[in-house]
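Descriptive analysis of the structure
Each chain, written out:
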Amino acid sequence: MRSSAQLKIPHYYWLEGLSAVNCTIFTMCLFFWTRERFAFSDATNLLLASVQGLVYLFSTFFGGRLADRFGYDRTLIVCFAGMGATLVTGSFIPCLIMPFVALALYNLFVGPTWPSLEAAILHSPGKLSMPNRLGIYNLSWSFGDGIGLFLSGFMFKWNPDSIFWLPGLIYLLTIPTIRWGPRNHDDEGVVAMEMPHTGDTIPKAQKRRFMQLGWLGNGLGFLMLAGFTALAPQMSLRLGLPTEATLWLTCTLLFARGFAFLIFWKWEGWHYHMAWCQWALWLAPLSLAIAFFAGNPAVVFGSLVVFGASIGLSYSGSIYYSLDYGDNKGELGGLHESILGLGMFIGPLLAAGAAAMGHGATSAQWTLIILSLGANAIGLAILNLKEPPPSEPACPAAR
């Protein structure tokens, strides 16, 4: 696998952070753009979000397998070219169907990007352990998300169409750095899986249980996040804020998630401890409910901090437990991402139906909250019926 991850590890982190900035600018601002340009309703925006989740579900599942076989660097080149071409072209096609087509094509290429980056970071020789590599990986993309959303407020105010063509041009201009970027010649380094870490002492069956619990939390976390993103323009109306201020307020949850990643990278005591998984499962929908219905920006700010930290813990568990479970890192990273896509598809789709048949955004918001709480309860019940709760291993002190 080393032959398919030729770049230096910091370069992969740079590519990851840049991808996160571009992805957030386009996918999170698109719902404000469609409301302003085509007067999309909340139900239509939620339907648009479900298209994103559906394509992402399949593109990550098959994209992870493709990356293992085709090579991580080559997959990244193809995906950056596809994403860049899609966004630049989409900016010149002003028709109602364009947002759906552009978002679908974009996610067709963005799907294999993340499993390729995850696997390349683990397979490229170096001196960092797997938990440390994943911790930095989570920080890179999450703070990239926050920076992208913060910048998008200025971009949207300057030229709303720039959320298409500017990220597209950056993707295209970055391709040469993948093809001819700095190569890794660290003869003393090893791949991440060869370095000792907590997971070495955990039985396979117990690893599988935590992986499944991580998938549940991560899938539901992005189910709620996708719904919240599509309904963010409604929050702007409810709080009486201009678009750029709402985008900056939404940054709160992304930066909170980023700081949560920092904590869960430096402190490994949460690894393979059931209580942390369950706290994240229940705090996320409860804090999101406050963000949905509070009429005070300060209360919304506080609830988004809790929501961001909760989904940060769920995502940390999902990616760590998935990539710690087996040897095919691209495929396992693809599974981790496809579960995320499943949540991004189901949540907005059901919320769109509720908005169309009920009382608009209010019905959609209640659907997302009830769906998340119900899925939490059912998922935990199924996992508990399948096998008894595992005994929690003693974790070493944080590195």
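Note that this is a predicted model, so its numbers are computed, not measured. (Residues numbered from 1 in each chain as written. Predicted model: local features only at pLDDT ≥ 70, side-chain atom pairs only at ≥ 80, totals over all residues. Heavy atoms only, no water.)

1. Regarding the overall build of the chain
What counts here: Secondary structure elements follow DSSP: runs of H or I no shorter than four residues count as helices, runs of E no shorter than two count as strands, and numbering proceeds from the N terminus. As defined in this context, the radius of gyration uses C-alpha atoms, and a globule is described by 2.2 Å times the residue total to the power 0.38. Think of it in three bands: residues with accessible area under 20% of the maximum for their type are buried, residues over 50% are exposed, and the middle band is partly exposed, with areas taken using a 1.4 Å probe on protein chains only. Should any heavy atoms of two residues lie within 4.5 Å, those residues are considered in contact. His is not counted, nor are the chain ends; Lys and Arg add positive charge and Asp and Glu add negative charge. We put the charge of a Lys on NZ, of an Arg on CZ, of an Asp on CG and of a Glu on CD.
What the chain contains, in helices and strands, is 12 helices and zero strands. Taken against the 2.2 N^0.38 rule, which gives 21 Å for 399 residues, the C-alpha radius of gyration of the chain at 20 Å falls within 12% of a compact globule. C-alpha atoms of the chain, sized along the principal axes, occupy 55 × 50 × 30 Å. Burial status across the chain gives 62% buried among its 399 residues. Within the chain, residue pairs in contact and separated by at least 24 positions form 87% of the contacts whose partners lie at least 6 positions apart. Of note, the chain has its 22 positive side-chain charges centred 2 Å away from the centre of its 21 negative side-chain charges.

2. Quick word on the side chain of Asn218
Position of Asn218 relative to the elements: it lies in helix 7 (residues 204-239). Setting aside residues no more than four positions away along its own chain, Asn218 makes contact with Ser314, Tyr315, Ser318, His336 and Leu340.

3. Some remarks on empty space enclosed by the protein
Defined as follows: Two kinds of site are reported from a 1 Å grid over the protein atoms alone, namely cavities, where a 1.4 Å probe fits but cannot get out, and pockets, open sets with protein on both sides within 12 Å along at least five of seven lines, and residues are called lining when an atom falls within 4 Å of a point. Grid points are joined across faces, edges and corners, and a volume is the space filled by probe spheres set on the points. For this scheme, ten residues count as nonpolar: Ala, Val, Leu, Ile, Met, Phe, Trp, Tyr, Cys and Pro. Four count as charged, namely Asp, Glu, Lys and Arg, and the remainder, Gly too, count as polar.
One pass over the full model with this rule turns up four cavities of 30 Å³ or more. There is about 450 Å³ of room inside the largest cavity. Taken together, 26 residues form the lining of the largest cavity, with Cys23, Gln52, Asp145, Phe222 and Met344 sitting closest to its centre. Secondary structure elements with two or more residues in the lining of the largest cavity: helix 1 (9-38), helix 2 (42-70), helix 4 (98-123), helix 5 (130-158), helix 7, helix 8 (243-266) and helix 11 (329-357). Top element by residues in the lining of the largest cavity is helix 1. It accounts for six residues. Looking at the lining of the largest cavity residue by residue, the classes come out as 18 nonpolar, five polar and three charged.

4. Quick look at the pattern of salt bridges
The criterion, for reference: Salt bridge, as used here: a side-chain nitrogen of Lys or Arg that lies within 4 Å of a carboxyl oxygen of Asp or Glu.
Considering all chains together, one arrives at four salt bridges under this definition. Arg37 serves as the salt-bridge partner of Asp161, at 2.8 Å between the closest nitrogen and oxygen. With Asp161 in the loop between helix 5 and helix 6 (162-179) and Arg37 in helix 1, the pair connects residues that are 124 residues apart, well separated along the chain. Since its relative accessible area comes to 21%, Asp161 is described here as partly exposed. A relative accessible area of 39% places Arg37 in the partly exposed class.

5. A word on the nonpolar core
Heads up, the condition is: To qualify as a nonpolar core, a set must consist of buried Ala, Val, Leu, Ile, Met, Phe, Trp, Tyr and Cys residues joined through side-chain atoms within 4.5 Å.
Of all hydrophobic cores here, the largest spans 118 residues; its most connected members are Tyr12 and Tyr137. Here the element with the most residues in this core is helix 7; it accounts for 17 residues. Once you skip the residues sitting within four places of it in the chain, Tyr137 turns out to touch Tyr13, Glu16, Trp114, Leu117, Glu118, Ile121, Tyr315, Ile319 and Glu337.

6. Quick notes on the confidence of the model for the chain
One rule of thumb: low pLDDT means the predicted coordinates there are not for detailed reading. Short version of the rule: By definition, pLDDT measures how confident the predictor is in each residue, and it falls between 0 and 100.
Per-residue confidence for the chain gives a mean pLDDT of 86, with 90% of residues at or over 70. Long-range and interchain partners of residues 392-399, a stretch whose pLDDT sits below 50, account for 23 contacts in this model, where long-range means more than four residues apart.

7. With respect to the environment of Pro125
For Pro125, the position within the fold is in the loop between helix 4 and helix 5. Placed 118 residues apart in sequence, Pro125 and Leu7 show a C-alpha to C-alpha distance of 9.7 Å.

8. Thoughts on the environment of Thr24
Tracing the sequence through the fold places Thr24 in helix 1. Accessibility expressed as a relative area gives 2% for Thr24, which makes it buried. Spatially, the C-alpha atom of Thr24 lies 8.7 Å from that of Ile147, the residues being 123 residues apart in sequence. Ignoring anything within four residues of it in the chain, the contact list for Thr24 reads Cys29, Asp145, Gly148, Leu149 and Leu254.

9. Here we look at the side chain of Asn376
Note that Asn376 resides in helix 12 (residues 361-386). Given a relative accessible area of 1%, Asn376 falls into the buried group. Among residues more than four places away in sequence, those in contact with Asn376 are Leu216, Leu220, Leu281, Trp282 and Pro285.

10. Thoughts on unusual backbone geometry
Of note in the backbone geometry, Ala39 takes a positive phi value of approximately 55° without being a glycine. Its location among the elements puts Ala39 in the loop between helix 1 and helix 2. By relative accessible area, Ala39 is classed as exposed at 61%. The phi angle at Tyr272 is positive, at roughly 55°, despite the residue not being glycine. Along the chain, Tyr272 falls in the loop between helix 8 and helix 9 (274-293).

11. Some thoughts on the packing of helix 8 against helix 10 (residues 297-323)
To be explicit about the condition: For helices, the fitted line uses only the C-alpha atoms of the stretch in contact; every axis is such a line through C-alpha atoms, and the angle between N-to-C directions lies from 0 to 180 degrees. By definition in this entry, angles of less than 35 degrees are roughly parallel, angles greater than 145 are roughly antiparallel, angles of 65 to 115 are roughly perpendicular, and the rest are oblique. Crossing chirality is assigned from the near helix's rotation relative to the far helix, an anticlockwise turn below a right angle marking it left-handed and a clockwise turn marking it right-handed.
Running from N to C, helix 8 and helix 10 point in directions that differ by 40°, and their axes come no closer than 7 Å. One way to sum up the angle between helix 8 and helix 10 is to call them oblique. Two packed elements cross with a definite hand, and for helix 8 against helix 10 that hand is right-handed. Here the contact of helix 8 with helix 10 is built from residues that sort into 16 nonpolar, five polar and one charged.

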